[in-house]
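Reading the structure
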Amino acid sequence: MIKLVPLFFGFLLFLGTQHPKTPLSVGGMEVGWEHKKDHITFTATAPDNGWVALGFNTEDHIVGSNLIMINVTEEEVQSQDLFVVSAGNPKPMHTLGAKSQILAYSGVEKNGKTTITFSLPTKTIDDYHLNLSEGQKIWLICAYSMEDDFSHHSRMRKHIQVVL
């Protein structure tokens, strides 16, 4: 019986670190992800009709983060893969000599909410992106705006540490 107690508590600890089956709620946003073979797909829903963004960092800072922004307009869905070089100064990857790592993206606006989905590789190829392997601990930056213009400031931005 004594040998079963550590196993039981180990099992409970394992259950507590499982990947979210339902999205996390962060500042009014719902965020979830799913690992595939060599990529990870994120889905985020915001309670507004503007752009939606998810950022990735090893520290609890916007500076130094890889930021993926997506908006949905009547004409199209647009994405940006950015690196935040300083406060309020996100730079498109191509201006830093890197390539966007967004493999696929989509978005929809419905009933006053915007939902985006995008995929990134789990292994980075440059210094501007993070490894997003299963079990990796990162800071997830969640943000949204009431405007589709990517230069418009966020209405909400929160950081949360997660295990992918």
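For the structure, see preceding data.
The structure reproduced in this document is the subject of the present report. (Residues numbered from 1 in each chain as written. Predicted model: local features only at pLDDT ≥ 70, side-chain atom pairs only at ≥ 80, totals over all residues. Heavy atoms only, no water.)

Some thoughts on the layout of surface pockets
- Taken as a whole, the largest pocket holds about 420 Å³ of empty space.
- Residue lining of the largest pocket: 21 residues in total, with Trp-51, Leu-67, Gly-88, Pro-90 and His-153 positioned closest to the centre.
- Elements represented by at least two residues in the lining of the largest pocket include exactly strand S5 (66-72), strand S6 (77-86) and strand S7 (89-92).
- Examining the composition of the lining of the largest pocket, we find that four residues originate from one element, S6, more than from any other.
- In terms of residue class, the lining of the largest pocket is made up of eleven nonpolar, eight polar and two charged. (1 Å grid on protein atoms, 1.4 Å probe; cavity = no way out; pocket = protein on both sides within 12 Å on 5 of 7 lines; lining within 4 Å. Points joined across faces, edges and corners; volume = space filled by probe spheres on them. Helix = DSSP H or I, 4+ residues; strand = E, 2+ residues; numbered from the N terminus. Nonpolar A, V, L, I, M, F, W, Y, C, P; charged D, E, K, R; others polar.)

Some words on the side chain of Ser-145
- Looking at the element boundaries, Ser-145 is found in the loop between strand S10 (137-144) and strand S11 (156-163).
- In this structure Ser-145 comes out as buried when scored by relative accessible area, which is 1%.
- A polar contact is formed between the side chain of Ser-145 and the backbone nitrogen of Glu-147, at a distance of 3.0 Å.
- There is a polar contact of 3.4 Å between the side chain of Ser-145 and the backbone oxygen of His-153. (Buried < 20%, exposed > 50% of the residue type's maximum accessible area, 1.4 Å probe, protein only. Polar contact = N/O pair within 3.5 Å; in protein donor to acceptor, adjacent residues only side chain to side chain.)

Points about the sheet that holds S6
- Pairing in this open sheet of six strands is antiparallel, and the strands run S7-S6-S5-S4-S10-S11 from one edge to the other. The open sheet has two free edges, formed respectively by S7 and S11, since each of these has just one partner strand. Across the sheet, the mean angle from the axis of one strand to that of its neighbour is 30°, orientation sign disregarded.
- Strand direction decides the pairing type here: strand S4 (residues 52-57) and S10, joined by six bridges, are antiparallel. Paired with Phe-56 across the two strands is Leu-140, which belongs to S10. (Pairing = 2+ DSSP bridges. Axes fitted to C-alpha atoms, helices over the stretch in contact; angles between N-to-C directions.)

Structural notes on the pairing of S10
- With seven of its eight residues buried, S10 lies for the most part within the structure.
- Across eight bridges, the pairing between S10 and S11 is antiparallel. Its bridge partner being in S11, Leu-140 is matched across the sheet by Ile-160.

A closer look at the sheet that holds strand S9 (residues 113-121)
- Spatially, S1-S2-S3-S9-S8 is the arrangement adopted by the five strands of the open sheet, whose pairing is antiparallel. Every other strand in the sheet has two partners, leaving strand S1 (24-26) and strand S8 (104-110) as the edge strands with one partner each. Here the average twist between neighbouring strands, direction ignored, is 20°.
- Summarising the sheet, strand S2 (residues 29-35) and strand S3 (residues 39-46) pair through six bridges and their orientation is antiparallel. By the bridge assignment for S3, Val-31 is matched with Ala-44.

Some words on the nonpolar core
- Ranked by size, the top nonpolar core spans 26 residues in total, and within it Met-29, Phe-42, Leu-54, Phe-56, Phe-118, Leu-120 and Leu-132 carry the most contacts.
- Every element with two or more residues in this core is listed here: S2, S3, S4, S5, S9, S10 and S11.
- Those residues in contact with Leu-120 that sit more than four places away from it in its chain are His-39, Ile-40, Phe-42, Phe-56, Ile-68, Gln-101, Ile-102, Leu-103 and Leu-132.
- Trp-51, Leu-67, Met-69 and Ile-141 belong to the second largest nonpolar core, which has ten residues in total. (Core = buried A, V, L, I, M, F, W, Y, C linked by side-chain atoms within 4.5 Å. Contact = heavy atoms within 4.5 Å.)

Geometric values such as these leave the question of function open.
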